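Analysis of the macromolecular model
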Amino acid sequence: MARLLYRLGTFAHRRRWAVVLTWLVILALGVVGALSLAGTTSNTFSIPGQESTIALDKINREFGAGGTNATARVVIQAPAGQTLTSDGNAAAVTGLVTELGGLPGVVAAGNPLDPQAPGVNADQSTGYSTVTYGVPQGEVTTAEQDALLAAVAGARANGLTVEVTGTAVTNQPEVPAGVGEAIGVVLALLILALTYGSLVVAGMNLLTAGVGVGIGVLGITIVSGFVDLQSTTSSLATMLGLAVGIDYALFIITRYRHELQRGADVPTAVGVAVGTAGSAVVTAGLTVVIALVFLFVAGIPFLTQMGIAAAATVVVAVLVALTLVPAILSFLGLRALPRRRRADPTAPAAGRHAAPAPGFLERWVGTVTRHRIVALVGTVVALGVLAIPFFSMQTTLVQTPADGTTQARAEQLLADGFGPGFNGPLTILFEAAPGSTDAAARAAAAAGPISGLTDVALVTPPIPNPSGTAALLTVIPQSGPTSAATEQLVHDLRELLPTAAGGAQTSVTGATAVSVDVATALNDTLPIYLTIVVGLAVILLVLVFRSILVPLVGVLGFLLTVGAALGATVAVFQWGWLSGLVNLDSAGPLISLTPIIVIGILFGLAMDYQVFLVSRMHEAHAHGAGFLDAVRTGFRQAAPVVVAAAAIMFSVFAGFVPAGDGPIKSIAFALAVGILVDAFVVRMVLVPAALTLLGERAWWLPSWLSWLPTLDVEGAGLERAGVAGPDSPPAAPELVEAGAR
């Protein structure tokens, strides 16, 4: 692989103008395509094959499609000591309902004082009007939302407390869109400038990463014109694509500068950089792509789309690192080095380019390898303690509105006036036996046993469809939609209904029921996902390192990483610890999809660091160094780059935390903590300690696996050909020709 990529690098050098122009043309075509073909994204998603989602589809067919339309619930509370039915308040409520019915996009507005369908609580102090729009959820325009909010604000002038919630209104992020990316980019630029000692090279690194991310996101935008994509798809692709794009370019550029400082000319340095660091980039990128693509095993279409979109962006980042980066390096030549070293790149200070002082790294790895048992045990214990909150993790798909918003105030008014369960009703669909029209009677008969279940506050009268073949029964729980009691009620209903429904087919749905079904589906598929992804990654790493134990050390380190990352996320987002530091409005269960997304992305990135760090150790061992010297030498060479790469990755992910909305905030936080733990604890402490304990056995490969191909990510083939350094033997003729200007 190293020889093949060497040729690719030298090709990019020789055809640098063509390479740069090709990428610019692709970027321009992406802009044109996005402007002309872009579609809208969705804030909702469906999960096929689950009882709750199948029931929703049946309800839409039997009772009309209005169930999928966007709705808003305008909550009205009378002044203290008054009721909504008093003359003055009743007139104000009626006037508000009339105004709501005439708003842009609204097709109906319910009157809480209508005796046929009352919407007031028992003491008549609180009521609500259901405002229905003529478009599906997620398609209410900003102008229509503004008109609704203005009507709500105007109604408060009458002395009423009026708030609004529902699918027609969404929480507006407190930090403008794009700020997260900007924060990450600024921090990345600062780290790169310190690493390279050159603002020009740092800017070039960011520029090439930006090209890759831009092409990836523009491609997603184009696809949105043909496929219904989730609104968070591009955010995840941007976050991940920017991080790996910067890191992959960093590895190529660092190796290029290293080769210049060893005395190589520009064409050779470009080729060797792509042949060696590029091999590690390909391996690392492949592990990330595997982890993302195999998210499809969860059986959730939008998760599959997110994984494929992010994987495609990573592929673009790899291609940019292998072609565009070396092409631009060819233009820079010796200017890629700090100014003071351009005259004599092979000066004694070569290799000390703005990285952490080698003396510190030598002392660090020396301490870790000398006290390897203490380091290993201490790391495992510390990360184990950090992972403790993980075992009390709760997940849900029901998102609570941010504190201080009109949505949160509206839901609190409803909870105070009608009970906590009013915000999370459960709907039961009764379907009569073929040829029968007694669905409503069956539902009415089941209402009694249902009322006797724990946590049931109210069971409403059944609502039949026009033909009588189906009926709906609404169950109001005593507890809120995200509580464990409501989730248990879903299970209790499903156990009771087969006997209480009198032969009718029943299905339980509602926000909490959907959440329960998703959690069950994810719990069932997560072991399969981990087995496939970890298995494929181990096979790949066995091929790369020709070792059994090195991949196992990497995987076990990842388990500690993901436990610590999710444990910290639970402590902050579920328990509320230090929530102010992450701009968290309210604590509560994590979004159900957070664990599998975090595990998938973190696994790929953790294997990145494993490849970059251990490949240099393997390279030193292959050149004859003893196991201890190989660990220390490889660590000293690779650690500065891994530290810089991890710091950049952390900056990018952390930049999305204060600005993130919904699941992106918790995912970004978990990834940021995971990167911090994996790079600076697992790879910098646990891996060198474990490999030192294993000794020569770390590089052991059973004889029955000796037939496995050698991928040569360290560039041993290039060194044998004489192109990897000034002290090597003469280059092979075919490689000299490939590297010619």
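Thresholds applied
Residues numbered from 1 in each chain as written. Predicted model: local features only at pLDDT ≥ 70, side-chain atom pairs only at ≥ 80, totals over all residues. Heavy atoms only, no water. Helix = DSSP H or I, 4+ residues; strand = E, 2+ residues; numbered from the N terminus. Rg over C-alpha atoms; globule rule 2.2 N^0.38 Å. Buried < 20%, exposed > 50% of the residue type's maximum accessible area, 1.4 Å probe, protein only. Contact = heavy atoms within 4.5 Å. Areas by Shrake-Rupley, 256 points an atom, 1.4 Å probe, with all protein chains shown as cover. Lys, Arg positive; Asp, Glu negative; His and termini not counted. Charge placed at Lys NZ, Arg CZ, Asp CG, Glu CD. Core = buried A, V, L, I, M, F, W, Y, C linked by side-chain atoms within 4.5 Å. Phe/Tyr/Trp six-rings, centres within 6.5 Å; stacked < 30°, edge-to-face > 60°. Lys NZ or Arg CZ within 6 Å of the ring centre and 35° of its normal. Salt bridge = Lys/Arg side-chain N within 4 Å of Asp/Glu carboxyl O. Pairing = 2+ DSSP bridges. Expected span 1.5 Å × (residues − 1). Axes fitted to C-alpha atoms, helices over the stretch in contact; angles between N-to-C directions. Parallel < 35°, antiparallel > 145°, perpendicular 65-115°, else oblique. Left-handed = near helix turned anticlockwise from the far one by under 90°. Nonpolar A, V, L, I, M, F, W, Y, C, P; charged D, E, K, R; others polar. pLDDT = per-residue confidence, 0-100. Polar contact = N/O pair within 3.5 Å; in protein donor to acceptor, adjacent residues only side chain to side chain.

1. Concerning the overall build of the protein chain
Secondary structure assignment for the protein chain yields 22 helices and eleven strands. Against the compact-globule benchmark of 27 Å for 741 residues, the protein chain has a radius of gyration of 30 Å, which places it among compact chains. If one aligns the C-alpha atoms of the protein chain with their principal axes, the spans along those axes are about 95 × 50 × 50 Å. Looking at the protein chain residue by residue over its 741 residues, the buried ones come to 54%. Contacts spanning at least 24 positions in sequence make up 80% of the contacts within the protein chain whose residues lie at least 6 apart. Counting every atom, the protein chain has about 29,200 Å² of accessible surface; 64% of that belongs to carbon and sulfur. Counting 33 positive and 43 negative side-chain charges, the protein chain places the centres of these two groups 21 Å from one another.

2. Describing the nonpolar core
By size, the foremost hydrophobic cluster in this structure holds 161 residues, and its most contacted members are Leu240, Tyr248 and Phe653. Sorting elements by how many residues they give to this core places helix 10 (residues 301–332) first, with 18 residues.

3. Here's the deal with the environment of Leu413
As for its position among the elements, Leu413 is in helix 13 (residues 406–418). Classification of Leu413 by relative accessible area gives buried; the value is 10%. Residues Leu413 and Ile76, spaced 337 residues apart in sequence, show a C-alpha to C-alpha distance of 8.3 Å. Residues within four places of Leu413 in sequence aside, it is in contact with Val75, Gln77, Thr126, Thr161 and Glu163.

4. Topic: the packing of aromatic side chains
Applying the stated criterion across every chain, the model contains eleven aromatic pairs. For the pair Phe360 and Trp364, a centre-to-centre distance of 6.1 Å together with 40 degrees between the ring planes defines the contact as tilted. Taken together, the residues Phe360 and Trp364, both in helix 11 (residues 358–370) and four residues apart, mark about one turn of the helix. The positively charged end of Arg16 is found above the aromatic ring belonging to Phe331, 5.7 Å away from the centroid. Sitting over the face of the ring of Tyr128, Arg73 holds its NZ or CZ atom 4.9 Å from the ring centroid.

5. Quick word on the pattern of salt bridges
In this structure the tally under the stated criterion is ten salt bridges. Measuring nitrogen to oxygen at the nearest pair gives 3.6 Å for the salt bridge that ties Glu259 to Arg262. With a shortest N-O distance of 3.7 Å, Arg636 and Glu362 are connected by a salt bridge. Residue Arg636 is found in helix 19 (residues 627–659), and its partner Glu362 is found in helix 11; the two are separated by 274 residues along the sequence. Taking relative accessible area as the criterion, Arg636 reaches 31% and is therefore assigned partly exposed. Taking relative accessible area as the criterion, Glu362 reaches 42% and is therefore assigned partly exposed. Overlapping salt bridges, with partners in common, bring together Glu51, Arg494 and Asp517 in one network.

6. A few points about the pairing of strand 6 (residues 426–431)
In terms of residue burial, strand 6 counts as a mostly covered element, since six of its six residues are buried. Of the two faces of strand 6, both are covered, the one formed by Leu426, Ile428 and Phe430 as well as the one formed by Thr427, Leu429 and Glu431. The sheet contact formed by strand 6 and strand 9 (residues 470–477) spans six bridges and is antiparallel. From the neighbouring strand, Leu426 faces strand 9, where its bridge partner is Val475.

7. Some points on helix 4 (residues 87–101)
The terminal C-alpha atoms of helix 4, which comprises 15 residues, lie 21 Å apart, in line with the 21 Å expected from a rise of 1.5 Å per residue. Those residues of helix 4 that are buried lie in contact with strand 1 (69–77), strand 2 (106–109), strand 3 (126–136), helix 5 (142–155) and strand 4 (161–165).

8. Details of the packing of helix 1 (residues 2–14) against helix 9 (residues 266–293)
Between helix 1 and helix 9, the shortest axis-to-axis distance is 7 Å and the interhelical angle comes to 130 degrees. The orientation of helix 1 relative to helix 9 falls into the category oblique. Of the two possible hands of crossing, helix 1 and helix 9 adopt the one that is right-handed. Contact residues: Ala2, Leu5, Tyr6, Gly9, Thr10 and His13 in helix 1; Val266, Pro267, Thr268, Val270, Gly271, Val272, Val274, Gly275, Gly278, Ser279 and Val282 in helix 9. Considering only residue class, the contact of helix 1 with helix 9 consists of nine nonpolar, eight polar and no charged.

9. Some remarks on the confidence of the model for the protein chain
Mean pLDDT over the protein chain: 83, with 90% of residues reaching 70 or higher. Here helix 22 (residues 733–739) stands out as the least confident element of the protein chain, with mean pLDDT 40; helix 12 (residues 372–386) is the most confident, with 95. Ignoring residues within four places in sequence, the model shows residues 725–741, a span with pLDDT below 50, making 37 contacts including any to other chains.

10. What to know about the pairing of strand 1
Sheet topology note: the strand 1/strand 3 ladder contains eight bridges and is antiparallel. Following the sheet pairing, Asn69 is matched in strand 3 by Pro136. Judged from the five bridges that link them, strand 1 and strand 4 form a sheet pairing that is antiparallel. Across the sheet, residue Ile76 finds its bridge partner in strand 4, namely Val162.

11. Section: the sheet that holds strand 3
If you walk across this open sheet you meet the four strands as 2-3-1-4, and the pairing is antiparallel. Of all strands in the sheet, those with a lone pairing partner are strand 2 and strand 4, marking the two edges. In this sheet, neighbouring strand axes are inclined to one another by 20 degrees on average, regardless of whether the strands run parallel or antiparallel. Strands strand 1, strand 3 and strand 4 of the sheet are contacted by helix 5, whose axis makes an angle of about 160 degrees with strand 4.

12. Thoughts on helix 14 (residues 439–451)
With 13 residues, helix 14 extends 18 Å between its outermost C-alpha atoms, agreeing within 8% with the 18 Å of an ideal straight helix rising 1.5 Å per residue. Along helix 14, the positions that sit buried rather than exposed are Ala439, Ala443, Ala446, Ala447 and Ile450.

13. A closer look at the side chain of Thr512
Note on placement: Thr512 falls in helix 16 (residues 511–545). Polar side-chain contacts of Thr512 include one of 2.9 Å to the backbone oxygen of Pro481. Residues in contact with Thr512, not counting those within four places in the same chain, are Val398, Leu426, Pro481, Thr486, Glu487 and Val490.

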